Amino acid sequence: MATYDLLLLAGDGIGPEIMAQTKRIIGWFNDNGEHQFNIQDDLVGGASYEAHKNPATDEMMAKAMAADAVLFGAVGGEQWAGVPYDERPEAGLLRLRKDMELFANLRPAVCYPALATASALKPELVEGLDIMIVRELTGGVYFGEPKQITGEGNHKRAVDTQVYETYEIDRISRVAFDLAKKRSNKVHSAEKHNVMATGVLWKEVVARVHGEDFGGVELYHILADNCAMQLVRNPKQFDVIVTDNLFGDILSDVAAMLTGSLGMLASASLGAMGTDGKMKAMYEPVHGSAPDIAGKGEANPIAMIDSFGMCLRYSFNMGREADQLQSAITQVLANGLRTADIMQDGMTGVSTSGMGDAILCELEARA
Ligand code: NAD
């Protein structure tokens, strides 16, 4: 029996509500599974700012660095709008990503059969959809220098710089190919080699890594604009899409909306494997702190619970348990239970904790 250390950072708004349900699920696996999870809680974001005037303290960061994985809820809220930029709740999230060197962002877009009619696309286009977007998270145009606005009045000049080095493309493409081997063995690499130098290098490095180590995986190079169009035209042609920071930001939001609600979408951010054999990893829902519904018991906890499912799969190689959790969620939705954000005619409304109860009940049925 292995024991894993989890750091839980619930954060602000609905963060504590959805994390509370996730804790119940972790507790269930502690009682019924083969492995044990040691849970530690700490503050992040606005909650940490209120307590320490700092959205990510050194003490919390030390716990995050030592943990086997971090589960993160959400941060932010209007009450911190006037706080200096470096002390805002979001700065806590950015520090975690930066200090843990989480360069690979995995965003699955999965359409549960029971929710196919909630998509903006026709149900037949999205039913059974299961895409994984692998976004490079620590390089590219959001970080490249120079990044500045110069000049005065009506004669200003703004510059952002897109920079990629070989090693950054090499390591993210390996994450994508490795994932593809565990899925449908197919990778689309999206860039703009027709108009961008970084696109030319991106294509060259991905092709080299593929040729050297992943010949068994199908690889397609696709222009990022065409990828956006194809995602809306025929999304099921994709399995794994690997792309840079900027294109990944946009393409993953497009893919997200194919599946219905923000409350359903999980994500993983992974770092390199350390010499101790441990990979730094943080798992979080895609959505924010939803201040409009915080404290009302209306939040959908599925994205947060599913983030723990990704943690089981990617940090601890517990595919069977992750499948068990996924199947419990699928069944709850098939049974017609819905939080307000995914409510449909004829379905039964449940609260945040009601959704937690239902998922636990389905897990019990599978024990
Ligand atoms: P949001 O994702 O918090 O909410 C957008 C809409 O989706 C809201 O109507 C909200 O009620 C709904 N929603 C989101 N998650 C839901 C859930 N689990 N269940 C049911 N409904 C849900 O985005 P926003 O309103 O633009 O931002 C609110 C705050 O969150 C801001 O301070 C923003 O900076 C922050 N934010 C944080 C993160 C993060 O922590 N990773 C991400 C995005 C936004």
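Novice: Sorry, what's going on with the domain arrangement of the protein chain here?
Specialist: For an interface, size is often stated in terms of accessible area lost upon the parts coming together. Taken domain by domain, the protein chain consists of domain 1 (1-109 + 260-367) and domain 2 (139-258). Listed per partner, the contact involves 8 residues of domain 1 and 10 residues of domain 2. Summed over the three residues of domain 1 that lose the most area to domain 2, namely Phe103, Arg107 and Gly260, the buried surface amounts to 53% of that side. Here domain 1 and domain 2 share 1 salt bridge between them. The partner of arginine 107 in a salt bridge is aspartate 253, with the nearest N and O atoms 3.0 Å apart. The interface formed by domain 1 and domain 2 holds 2 residue pairs in polar contact (both at pLDDT 80 or more) in total. Looking at the side of domain 1 that touches domain 2, the element that brings in the most residues is strand S4 (residues 104-110), giving 4 residues. A per-class count over the side of domain 1 that touches domain 2 returns 6 nonpolar, 1 polar and 1 charged.

Novice: Mind showing me how you'd approach the nonpolar core here?
Specialist: For soluble globular proteins, nonpolar side chains are generally found buried alongside one another. Counting residues in each nonpolar core, the largest one holds 71 residues, and the members touching the most others are Phe37, Leu106, Val134, Tyr283, Phe308, Leu325 and Ile359. The biggest single contributor to this core is helix H10 (residues 302-314), with 8 residues. The residues that make up this core include at least three from each of domain 1 (1-109 + 260-367) and domain 2 (139-258). Sequence-distant contacts of phenylalanine 308, that is, excluding residues within four places in its chain, are made with Leu6, Thr22, Ile25, Ile26, Phe29, Phe37, Leu71 and Leu325.

Novice: Hey, could you run me through helix H3 (residues 58-66) in this one?
Specialist: Side chains that are three or four residues apart share a direction in an α-helix, a result of its 3.6 residues per turn. If you check which residues of H3 are buried, you get Met60, Met61 and Ala64. Mapping the buried residues of H3 onto a view down its axis gives an arc of 100°, with all of them on the same face. Among the exposed residues of H3, those pointing more than 90 degrees away from its buried face are Asp58 and Glu59. Packing partners of the buried residues in H3 comprise strand S1 (3-11), strand S2 (36-42), strand S3 (69-74) and helix H4 (89-99).

Novice: Can you help me understand the packing of aromatic side chains in this one?
Specialist: Each pair of aromatic rings is reported with the distance of its centres and the angle of its planes. This model, assessed by the stated rule, comprises 8 aromatic pairs. Note on phenylalanine 37 and phenylalanine 316: the rings are 5.7 Å apart at their centroids and 50° apart in plane angle, and the pair reads as tilted. On the criterion of sequence distance, the pair formed by phenylalanine 37 in strand S2 and phenylalanine 316 in the loop between H10 and helix H11 (319-334) is long-range, its members being 279 residues apart. Accessibility classification places phenylalanine 37 together with phenylalanine 316 in one group, the buried group. Within the aromatic cluster, the residues linked to one another by ring pairs are Tyr4, Trp28, Phe29, Phe37, Phe308 and Phe316. Here arginine 171 stacks its cationic end above the ring of phenylalanine 103, 4.1 Å away from the centre of that ring.

Novice: Please clarify how the pairing of strand S5 (residues 130-136) should be interpreted in this entry.
Specialist: Two faces, one strand: in a regular strand the side chains alternate between the faces of the sheet. Burial within S5 is extensive, with 6 of its 7 residues counted as buried. Pairing of S4 with S5 involves 7 bridges; the strand directions are antiparallel. Bridging across to S5, leucine 106 finds its partner in valine 134. Across 4 bridges, the pairing between S5 and strand S10 (residues 240-243) is parallel. Across the sheet, valine 134 pairs through a bridge with valine 242, a residue of S10.

Novice: Just to check I follow, could you spell out the site of the ligand for this structure?
Specialist: Not every one of the 21 residues close to the ligand is listed here, only the nearest: Glu90, Gly288, Ala290, Asp292 and Asn300. Within the backbone of serine 289, one N or O atom sits 3.1 Å away from an oxygen atom of the ligand. Against a free-state accessible area of 800 Å², the protein chains account for coverage of 67% of the ligand. Breaking the shell around the ligand down by element, the ones donating at least two residues are S3 and H4. Broken down by class, the residue content of the shell around the ligand amounts to 10 nonpolar, 7 polar and 4 charged.

Cut-offs and rules
- Residues numbered from 1 in each chain as written.
- Predicted model: local features only at pLDDT ≥ 70, side-chain atom pairs only at ≥ 80, totals over all residues.
- Heavy atoms only, no water.
- Domains from an automatic or database assignment.
- Contact = heavy atoms within 4.5 Å.
- Buried area = accessible area lost by both parts, 1.4 Å probe.
- Salt bridge = Lys/Arg side-chain N within 4 Å of Asp/Glu carboxyl O.
- Polar contact = N/O pair within 3.5 Å; in protein donor to acceptor, adjacent residues only side chain to side chain.
- Helix = DSSP H or I, 4+ residues; strand = E, 2+ residues; numbered from the N terminus.
- Nonpolar A, V, L, I, M, F, W, Y, C, P; charged D, E, K, R; others polar.
- Core = buried A, V, L, I, M, F, W, Y, C linked by side-chain atoms within 4.5 Å.
- Buried < 20%, exposed > 50% of the residue type's maximum accessible area, 1.4 Å probe, protein only.
- Arc of directions from axis to C-beta.
- Phe/Tyr/Trp six-rings, centres within 6.5 Å; stacked < 30°, edge-to-face > 60°.
- Lys NZ or Arg CZ within 6 Å of the ring centre and 35° of its normal.
- Pairing = 2+ DSSP bridges.
- Near = heavy atom within 4 Å.
- Areas by Shrake-Rupley, 256 points an atom, 1.4 Å probe, with all protein chains shown as cover.

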